[in-house]
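# Understanding the architecture of this molecule
What follows is each chain in one-letter form.
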Amino acid sequence: MDIIHISAECYPAAKVGGLADVVGALPKYQALMGHSATVLMPFYHGKFSRENEFSTFFSGFARLGHTNFAFNVLKPKTNTLGYELLLIDIPGLFDRDNVYSYHDDSERFITFQIAALNWLREREKTPDVVHCHDQHTGFIPFMMSKVREYQRFENVPTVFTIHNGQYQGQFGFDRLYYLPPFHSYFNGLVEWHNLINPLASAIKCAWRVTTVSPSYLDEISYSMNGMEELLRTERGKSLGILNGIDADVWNPETDPMLEKNFDVKTADEGKKANKDLLCSQFGLDPSKPLFTFIGRLVGEKGADILPDIIYDVLHYSPGEQNILILGSGEKHVEHALLQLEDQFKGNYCSYIGYNERLSHLIYAGADFLLMPSRVEPCGLNQMYALRYGTVPIVRRTGGLRDTVTDIGDNGFGVCHDQCTKSDVTHAIHRAKLLYQNKRTFKKVRKQIMEIDHSWNKAALEYIELYQSLKL
Ligand code: ADP
């Protein structure tokens with residue numbers, strides 16, 4: 001099949017979170033299965049654009065309201081990704097360092113979507129399916145089916161994946177003119193609660209809607225910032241497909257970012273070497289169990305309760321464990337985490353910022369990974385942790401519920417029900433008991449490293465879904 005993925009992120013070209021990991025891996029696995037997979041994304045002026053050379057493949061214009069934007073479709077001169085990567089360069093809108101969080105994000109991503117369809121319209125081959133990811137690409141299914149300019153795509157199936165339903169991208173009807181002209185009869189297809197809402201539009205117009213885990217689909221049908229009713233209405237065309245992980249990038253045997261590579265047989269020595277390095281870098285004691293957290297420091301991830309948890313655990317059971325945090329996000333959380341460092345020097349450290357290499361080292365060197373998330377559509381961290389022999393401590397929600405079973409239920413992780421200080425500290429206490437029982441801890445470590453969470457299964461599920469849409 002000829003598959004086009006459209007996304008705001010794709011690893012390694014631009015990554016803010018799990019969306020990038022998914023869009024960077026799923027097409028590779030689809031290509032390995034013999035399909036043609038292409039990723040179309042914006043060309044940001046970050047590290048990837050500075051470190052690679054590109055050739056211009058197509059030039060055109062995208063009209064946003066009364067403004068014309070010139071754009072170029074670029075290709076990296078060398079591509080070893082295993083699928084075709086095309087980057088849309090729109091000067092004035094994307095020649096900035098960051099992916100999101102600009103005042104004109106709506107303008108930026110609508111222009112990107114229009115440019116993507118303008119290029120696709122000129123492409124010789126009509127794709128078999130267009131797969132859009134998250135709200136930044138949410139108008140594509142609508143435009144492909146209802147905007148006259150793109151009539152060529154009326155019968156091309158669209159799949160829309162909700163990676164994170166918290167971000168909806170809504171704006172007022174005063175900016176309806178951003179979208180290319182369409183019959184006012186269809187206004188309802190871009191609207192939700194009197195606002196223009198790309199996420200709602202995608203849920204209404206895509207041929208199929210997927211979420212990144214089955215439990216997340218169940219949960220958002222009852223709670224998703226006022227959109228649950230729409231999800232229940234469209235439930236018939238929706239399904240949850242659990243994400244996989246890129247088992248080549250996330251492989252402790254070959255990962256170049258580690259201090260020492262290891263497999264199931266050499267996990268004890270391998271993990272120890274990585275833990276020793278981490279502990280020496282952050283002034284921690286390697287003989288203690290190491291609890292870690294990696295991620296965005298936002299309410300969704302339960303990051304706001306981390307400072308209180310750290311205080312309680314280190315104050316009431318001093319010297320029994322170390323805690324290391326890697327993340328960035330809300331300033332008050334970053335500040336509270338940094339403030340604790342003086343008080344608990346030698347047992348606690350936080351690295352505020354984004355650091356890909358350090359994240360790999362932590363997955364490899366930690367004993368436990370905390371994920372107290374309030375919302376977790378799938379969560380990749382727990383799957384990376386499993387692969388690297390680190391026991392996840394997770395709140396039972398979304399994809400965490402689908403991927404981690406508690407040791408008390410013949411499983412391999414530590415689970416808790418609420419995103420509260422008492423639930424998490426109790427889970428940490430249970431984890432320490434597990435750590436002390438060396439035989440069981442070793443057994444669990446071996447068991448988790450052998451779980452197969454690679455994309456093979458999910459990539460096939462997506463192909464079957466696309467094929468079911470063939471006219
Ligand atoms: P989300 O997309 O909601 O942020 P996921 O669990 O799906 O969460 O994916 C998070 C990805 O981002 C993982 O690959 C994780 O290792 C990475 N990550 C998050 N924060 C950081 C950070 N500060 N430094 C390095 N990697 C990070």
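The structure presented is a predicted model; accordingly, all values stated were derived computationally and were not measured.

Attention now moves to the pairing of strand S12 (residues 290-297). Most of S12 sits out of view: six of its eight residues are buried. Bridge analysis of S12 against strand S13 (residues 322-329) gives eight bridges, and the strand direction is parallel. Counterpart to Ile294 in the pairing with S13 is Leu326. Between the parallel pair S12 and S13, the chain is carried across by helix H9 (residues 306-316), and the sense of this crossover is right-handed.

It is worth spelling out the packing of aromatic side chains at this point. Under the definition given, this model contains 24 aromatic pairs. Ring centres of Phe368 and Phe441 lie 5.6 Å apart, and the angle between their planes is 45°; this geometry places the pair in the tilted category. With Phe368 in strand S15 (residues 368-371) and Phe441 in helix H15 (residues 438-449), this pair connects stretches of sequence that are 73 residues apart. Taken individually, Phe368 and Phe441 each receive the classification buried, so the pair is uniform in this respect. Taken together, Tyr44, Phe94, Tyr100, Phe109 and Phe112 form an aromatic cluster joined through their ring pairs. The residue whose ring lies beneath Lys15 is Tyr11, and the NZ or CZ to ring-centre distance is 5.5 Å. Between the NZ or CZ atom of Lys438 and the centre of the ring of Tyr435, over which it lies, the distance is 3.6 Å.

Residues in close proximity to the ligand total 19 residues, the closest being Lys15, Gly18, Asp21, Arg296 and Tyr363. Between the ligand and Arg296, the relevant distance is 2.8 Å, taken from an oxygen atom to a side-chain nitrogen or oxygen of the residue. One nitrogen or oxygen atom from the side chain of Asn381 is found 3.1 Å from an oxygen atom belonging to the ligand. Out of a free accessible area of 560 Å², the ligand has 93% covered by protein chains. Counting only elements with at least two residues in the shell around the ligand, the list comes to helix H1 (18-32), S12, S13, helix H11 (356-365) and helix H12 (381-387). In terms of residue count, the dominant contributor to the shell around the ligand is S12 (three residues). Looking at the shell around the ligand residue by residue, the classes come out as six nonpolar, nine polar and four charged. Each of domain 1 (2-244 + 456-468) and domain 2 (267-449) gives at least three residues to the shell around the ligand.

Moving on to the side chain of Asn381. You can see Asn381 is positioned in helix H12. For Asn381, the side chain forms a polar contact with the side chain of Tyr363, separated by 3.3 Å. Among residues more than four places away in sequence, those in contact with Asn381 are Ile294, Tyr363, Leu369 and Met371.

Buried residues dominate H11, accounting for nine of its ten residues. Those residues of H11 that are buried are in contact with helix H8 (267-282), S12, S13, strand S14 (348-352), S15 and H12. Where H11 begins, the side chain of Asn355 points an oxygen toward the backbone nitrogen of Arg357, at a separation of 3.2 Å.

What counts and what doesn't
Residues numbered from 1 in each chain as written. Predicted model: local features only at pLDDT ≥ 70, side-chain atom pairs only at ≥ 80, totals over all residues. Heavy atoms only, no water. Buried < 20%, exposed > 50% of the residue type's maximum accessible area, 1.4 Å probe, protein only. Helix = DSSP H or I, 4+ residues; strand = E, 2+ residues; numbered from the N terminus. Pairing = 2+ DSSP bridges. Right-handed = clockwise from strand over helix to strand, strands pointing away. Phe/Tyr/Trp six-rings, centres within 6.5 Å; stacked < 30°, edge-to-face > 60°. Lys NZ or Arg CZ within 6 Å of the ring centre and 35° of its normal. Near = heavy atom within 4 Å. Polar contact = N/O pair within 3.5 Å; in protein donor to acceptor, adjacent residues only side chain to side chain. Areas by Shrake-Rupley, 256 points an atom, 1.4 Å probe, with all protein chains shown as cover. Nonpolar A, V, L, I, M, F, W, Y, C, P; charged D, E, K, R; others polar. Domains from an automatic or database assignment. Contact = heavy atoms within 4.5 Å.

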